[in-house]
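For reference, the chains in residue letters:
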Amino acid sequence: METLRLVLLILHILGYAALIGGLLVQMGPGDKKVNSAMRDGIGVAFLTGLALVGVLEAGDGSVNHAKVAVKLVIALVLLVLVMANLRKEKIPAGLWAGMLVLAIANVGVAVLWSPIHS
Ligand code: HEM
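Below is a short write-up of the structure. (Residues numbered from 1 in each chain as written. Predicted model: local features only at pLDDT ≥ 70, side-chain atom pairs only at ≥ 80, totals over all residues. Heavy atoms only, no water.)

Observations concerning the coordination of the iron atom of the ligand
In an ideal tetrahedron of four donors about a metal, each angle is 109.5 degrees. In an ideal octahedron of six donors, the angles are 90 or 180 degrees. Those donors, His12 (NE2) and Lys71 (NZ), are the protein atoms that reach the iron atom of the ligand, and they lie 1.8 to 2.1 Å from it. Bound by 6 donor atoms, the iron atom of the ligand shows angles of 81 to 178° at the metal and therefore octahedral coordination geometry. Note that histidine 12 is positioned in helix 1 (residues 2-24) and lysine 71 in helix 3 (residues 65-84), a separation of 59 residues in sequence. Take histidine 12: its relative accessible area is 11%, and that puts it in the buried class. (Donors = N, O, S within 2.8 Å, 3.2 Å for Na, K, Ca; no water. Tetrahedral: all angles 85-135°; square planar, octahedral: opposite > 155°, others 65-115°. Helix = DSSP H or I, 4+ residues; strand = E, 2+ residues; numbered from the N terminus. Buried < 20%, exposed > 50% of the residue type's maximum accessible area, 1.4 Å probe, protein only.)

Rendered as structure tokens:
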């Protein structure tokens, strides 16, 4: 089970790295849009996050449900924003900035809030 958790965690990190990378590569002047790195990144981060919760719940430690809930809501908003704007030629800079702030906020929640499982 520990091997599965670690493999999922690696995929989870690659997922949100792709999401944040897909956002940051568009920093500066110029039109913003939802690119494939953002689409695949949030998809992978979301699914592996849910799977990680499943693995932790199956373990014998306790899971911090409040933290999971906050991460789930932030990631769900990101998923909806990415999917709703996937086909648009360009998106407002404010939406791009909002998605970047949400993604970084979820990293902050993950790292700064006490461990998700004990
Ligand atoms: C944009 C979306 C997300 C970002 C940026 C993100 C970020 C992170 C980061 C930085 C870690 C490592 C934290 C650490 O090891 O201290 C982590 C771990 C974790 N994340 Fe996420 N996450 C996202 C979405 C989700 C979702 C939707 C869930 C589930 C509902 C989730 C559940 C977890 C769990 C359970 C772990 C701990 C894994 C472990 O240590 O076994 N994450 N996440």
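A look at the nonpolar core
Leu19, Leu23, Leu78 and Met99 are the most contacted members of the largest nonpolar core, which has 18 residues in total. For this core, the elements supplying multiple residues, two or more each, are helix 1, helix 2 (36-58), helix 3 and helix 4 (93-112). (Core = buried A, V, L, I, M, F, W, Y, C linked by side-chain atoms within 4.5 Å.)

Observations regarding the pattern of salt bridges
For the structure shown, the criterion picks out 3 salt bridges. Glutamate 2 is paired through a salt bridge with arginine 5; the nearest N and O atoms lie 2.9 Å apart. Of this pair, glutamate 2 and arginine 5 both sit in helix 1, 3 residues apart, roughly one helical turn. With a relative accessible area of 18%, arginine 5 lands in the buried category. (Salt bridge = Lys/Arg side-chain N within 4 Å of Asp/Glu carboxyl O.)

Concerning helix 2
In a regular helix each residue adds 1.5 Å, so 23 residues correspond to 33 Å; helix 2 covers 33 Å between its end C-alpha atoms and thus fits that length. Where helix 2 is concerned, the buried positions are Met38, Gly41, Ile42, Gly43, Ala45, Phe46, Thr48, Gly49, Leu52, Val53, Val55 and Leu56. On its buried face, helix 2 is in contact with helix 1, helix 3 and helix 4. (Expected span 1.5 Å × (residues − 1). Contact = heavy atoms within 4.5 Å.)

Considering the site of the ligand
What surrounds the ligand is a group of 21 residues, the closest being Arg5, His12, Tyr16, Lys71 and Asn106. With respect to the ligand, the side chain of histidine 12 contributes an N or O atom lying 2.8 Å from a nitrogen atom. At a separation of 2.5 Å, a nitrogen atom of the ligand approaches a polar side-chain atom of lysine 71. Of all the secondary structure elements, the ones that give two or more residues to the shell around the ligand are helix 1, helix 2, helix 3 and helix 4. Of the residues that constitute the shell around the ligand, the class distribution is 15 nonpolar, 4 polar and 2 charged. (Near = heavy atom within 4 Å. Polar contact = N/O pair within 3.5 Å; in protein donor to acceptor, adjacent residues only side chain to side chain. Nonpolar A, V, L, I, M, F, W, Y, C, P; charged D, E, K, R; others polar.)

Some thoughts on the packing of aromatic side chains
Each aromatic ring pair is specified by the distance between its two centres and by the angle formed by the two planes. Scanning all chains against the criterion turns up 0 aromatic pairs. Across from the ring centre of tryptophan 96, 5.0 Å away, lies the NZ or CZ of lysine 32, which sits over that ring. (Phe/Tyr/Trp six-rings, centres within 6.5 Å; stacked < 30°, edge-to-face > 60°. Lys NZ or Arg CZ within 6 Å of the ring centre and 35° of its normal.)

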